[in-house]
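In case you want the letters, here they are:
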Amino acid sequence: QVQLVESGGGLVQAGGSLRLSCAASGRTFSSYAMGWFRQAPGKEREFVGAISGSGGYRNYANSVKGRFTISRDNAKTTVYLQMNSLKPEDTAVYYCAAARGTWIKTVSYEYDYWGQGTQVTVSS
């Protein structure tokens, strides 16, 4: 069982930055691929980015490529999402998720564990 706790959300002006953190329980963190998803009001949950178990491979949604960076610290069992050049359309609840197996997954049903989410609001 893996428990995930996100933090770092908040209110920011367009063009600003935020860094989300997701702390994971468990001693086998590096055996899980990690992902970030987001869900805006009235919309389906969408993929934001993912990182392999080793941290050597990353994948991003086109909408955030070049602005967001996902990273992980396996010693601290934490995954991060650095968000720069934020836009109002980035406003959503952001969720981190863990998937068994080290390779990157980009669809929500491939993930086994989810955090509770953290709200990110970008004002124009």
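Because the structure is predicted, anything quoted here is derived from the model rather than measured.

Enquirer: I would appreciate a short explanation of the state of the cysteines in the present structure.
Expert: Simply put, the disulfide is a covalent bond whose two ends are the sulfur atoms of two cysteines. For the structure on display, the rule yields one disulfide. Disulfide partner of Cys-22: Cys-96, at an S-S distance of 1.9 Å. Note that Cys-22 is positioned in strand β3 (residues 18–24) and Cys-96 in strand β9 (residues 92–100), a separation of 74 residues in sequence. The exposure class of Cys-96 is buried, given its relative accessible area of 0%.

Enquirer: Can you help me understand the pairing of strand β8 (residues 78–83) in this one?
Expert: Every other side chain in a regular strand lies on the same face of the sheet, so the side chains alternate between the two faces. Burial runs high along β8: five of the six residues are buried. Sheet topology places β3 next to β8; six bridges connect them, and they run antiparallel. When the sheet's bridge partners are listed, Ala-23 is paired in β8 with Thr-78. Hairpin geometry of strand β7 (residues 68–73) and β8 is characterised by an intervening segment of four residues between the two adjacent antiparallel strands and by a positive phi of about 45 degrees at Thr-77.

Cut-offs applied
Residues numbered from 1 in each chain as written. Predicted model: local features only at pLDDT ≥ 70, side-chain atom pairs only at ≥ 80, totals over all residues. Heavy atoms only, no water. Disulfide = S-S within 2.5 Å. Helix = DSSP H or I, 4+ residues; strand = E, 2+ residues; numbered from the N terminus. Buried < 20%, exposed > 50% of the residue type's maximum accessible area, 1.4 Å probe, protein only. Pairing = 2+ DSSP bridges.

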